[in-house]
Amino acid sequence: KFPFQIHCGWIWAASVVNFNVVLVAADVDPSGQIISAWISLVFLVLVSMYYLYRNIYVVPLVLVWATYAVNAELKAPQDSITNTFDAKTVEM
């Protein structure tokens, strides 16, 4: 079960990231991207709560791991991020 639960968590995380990447590629305005990011975060919390309710802890841990990785990227953002968003938004 364990390897499949890790894989399941990464599928959830990658799906949410890919959805947001599609929005960037479609040139959605920055405010729309921020709204999408918040909705994605809430969605991942709800997914985590579902698995925790079922006493499955691996999937939520993978989602925390992936969210931490996104946070780490925003601590040292690429030029494309700093050119699109102001410093206050990136620091959120």
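Before reading further, recall that the structure is shown in the block above.
Residues numbered from 1 in each chain as written. Predicted model: local features only at pLDDT ≥ 70, side-chain atom pairs only at ≥ 80, totals over all residues. Heavy atoms only, no water.

A. Expanded view of the packing of helix α1 (residues 2-25) against helix α2 (residues 30-53). Put simply, α1 and α2 touch, their axes get as near as 10 Å, and they point 165° apart. When the axis of α1 is compared with that of α2, the two are roughly antiparallel. The crossing of α1 and α2 is right-handed. Side by side, α1 and α2 meet where Cys8, Trp12, Val16, Phe19, Asn20, Leu23 and Val24 of the first sit next to Gln33, Ser36, Ala37, Ser40, Phe43, Leu44, Val47 and Tyr51 of the second. Of the residues belonging to the contact of α1 with α2, the class tally is 11 nonpolar, four polar and no charged. (Axes fitted to C-alpha atoms, helices over the stretch in contact; angles between N-to-C directions. Helix = DSSP H or I, 4+ residues; strand = E, 2+ residues; numbered from the N terminus. Parallel < 35°, antiparallel > 145°, perpendicular 65-115°, else oblique. Left-handed = near helix turned anticlockwise from the far one by under 90°. Contact = heavy atoms within 4.5 Å. Nonpolar A, V, L, I, M, F, W, Y, C, P; charged D, E, K, R; others polar.)

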